[in-house]
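Results of the structural survey
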Amino acid sequence: MNPESATEHGALELDAADPGHRELFDVPPAQGGDYPEVAYFAGNSLGLRPKATRTELLEDLDAWAGLGVEGHLDAGRPWLPYHELLTGPAARLVGGLLAETVVMNSLTVNLHLLMVSFYRPTRSRHRIVIEDSAFPSDSYAVRSQARFHGYGAEDAIIRLRPRPGEDNLRTADVVEQLSSDVALVLLGGVNYLTGELMDIPAITTAGHAAGAIVGWDLAHAAGNVPLALHEWDVDFAAWCSYKYLNAGPGALAGAFVHERHLGADLPRFEGWWSTEAATRFEMAPESRPPASADAWQVSNPPIFSMSPVRTALEIFDRIGMETLRARSLRLTAYLERLLAGVTVGRVITPADPVRRGAQLSLRIGGSLRAGELAKRLRFEYGVIADAREPDVLRLAPVPLYSTYHDCWRAASALTEVVPA
Ligand SMILES: Cc1ncc(COP(=O)(O)O)c(C=O)c1O
């Protein structure tokens, strides 16, 4: 790196040359320290609020005040087909067809609803492959699915571990584990702890060759890296909207089901939103599910929870994931170069940009715990990072609103906290 870029002045110059879209977001105040706003690196946990969210949510709320039940049809954004406003932007974000994509529920709920259809174990093929460092919710979900079908979780779940001395999984090692007793592969597209981006198309192809269904948890991938789920032949996927998508705490999640499974005779848990919209109000006792991912819906959707997702997805639609990824690669590479001079820990995220998203994870050395370090960064320097105890600090420069100056602040704070 040009040594000048590593200075505060250099960071500000990079920001002038390569600005993001910070003006679209509310950045929390720093509450003390040298700068008015926090340097926010926790967008991989909870994204910042788009400024338009408040206005547009209030519009939807006011439609209720002004119209009561008639808002279902007469609101500016009518409630009855409201979820369809989200389908297009969500489909474009993950590279799905319109019919393959739906926004509904929350992430783990969607994983369960999809596993009802796609985890159908038999005696000879009942195992589920996950990462050993899968997010705990996924681990609990697959274990409970195995038990639900009468299999012992310890026997049914194969947990993938990196080789001794390594931090990340190798694609070839993942593929080698896909034996003939594997019913389902369910991996994180981007690992929540290490930030490793998996080779989704290669693993999906290998899973299919082994006779397994391949599903992806895209919580850390959606809005972080470009995705092409339809083209990659992914069977199903689910993601949340509160991280890189900036739709707010606990925001509604997305789900994808590949076209070749739509309309197929699959087991599915149903409710009145699983039936086709055209005849829903005939109130028939039997559902008539559409040949689309909408068939996995169960209940009528919560409009005031959909509203922030709609606003947030429109930003991605407007700017485009490829443009964001390009800036993300530049920002993360810059942070990585600055972190090379930090002695508090070492980056465990893959060094190859193709194998990672925005996030860099630092494994902290010595006796300092990650939580303690995160607290010091927050209260002494106004830098918000995320700690996973005991020893991982996660920093995600988000291309929509993070700056080179934020990266410089984080690296300077880490250098000061534990000097060389
Ligand atoms: C990879 C991953 N899977 C699942 C979840 C759980 O999501 P939810 O609580 O929305 O079901 C999270 C939450 O952060 C996550 O990061």
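What you see is a predicted model, and the numbers here were worked out from it, not measured in a lab.

Moving on, we come to the UniProt feature "binding site: pyridoxal 5'-phosphate" (unreviewed entry) in the protein chain. Under the UniProt annotation, "binding site: pyridoxal 5'-phosphate" (unreviewed entry) lies at Leu107, Thr108, Phe135, Pro136, Ser137, Asp138, Asp217, His220, Tyr242, Trp272 and Asn300. Maximum C-alpha separation among the annotated residues is 31.3 Å over a sequence range of 194 residues, too wide for a single clustered spot. Structurally, Phe135 is set in the loop between strand 5 (127–131) and helix 6 (136–148). Overall, the presence of 19 C-beta atoms within 10 Å leaves Phe135 in the partly exposed class.

With that settled, consider the sheet that holds strand 11 (residues 345–347). In spatial order, the strands read 11-12-15-14; together these four strands make up an open sheet with antiparallel pairing. The two strands at the open ends of the sheet, each matched to only one other strand, are strand 11 and strand 14 (386–388). Strand-to-strand twist across the sheet, computed as the mean angle between neighbouring axes with direction ignored, equals 30 degrees. As paired strands, strand 14 and strand 15 (residues 392–395) are joined by three bridges and run antiparallel to one another.

Here the focus is the site of the ligand. Residues in close proximity to the ligand include Ser106, Leu107, Thr108, Phe135, Ser137, Asp138, Gly188, Tyr192, Asp217, Ala219, His220 and Cys240, which together make up its full environment. Elements with a contribution of two residues or more to the shell around the ligand: helix 5 (107–118) and helix 6.

This part covers the domain arrangement of the protein chain. Segmenting the protein chain into domains produces domain 1 (3–37 + 320–417) and domain 2 (57–318). A C-alpha centroid distance of 29 Å is found between domain 1 and domain 2. Contacts between domain 1 and domain 2 engage 17 residues on the former and 17 residues on the latter. With three residues, helix 11 (residues 321–339) is the single largest residue contributor to the side of domain 1 that touches domain 2.

Thresholds, definitions, all that
- Residues numbered from 1 in each chain as written.
- Predicted model: local features only at pLDDT ≥ 70, side-chain atom pairs only at ≥ 80, totals over all residues.
- UniProt positions renumbered as here; feature names shortened; annotations may be inferred.
- Helix = DSSP H or I, 4+ residues; strand = E, 2+ residues; numbered from the N terminus.
- Buried ≥ 20, exposed ≤ 12 C-beta atoms within 10 Å, placed from the backbone.
- Pairing = 2+ DSSP bridges.
- Axes fitted to C-alpha atoms, helices over the stretch in contact; angles between N-to-C directions.
- Near = placed C-beta within 6 Å.
- Domains from an automatic or database assignment.
- Contact = placed C-beta atoms within 7 Å.

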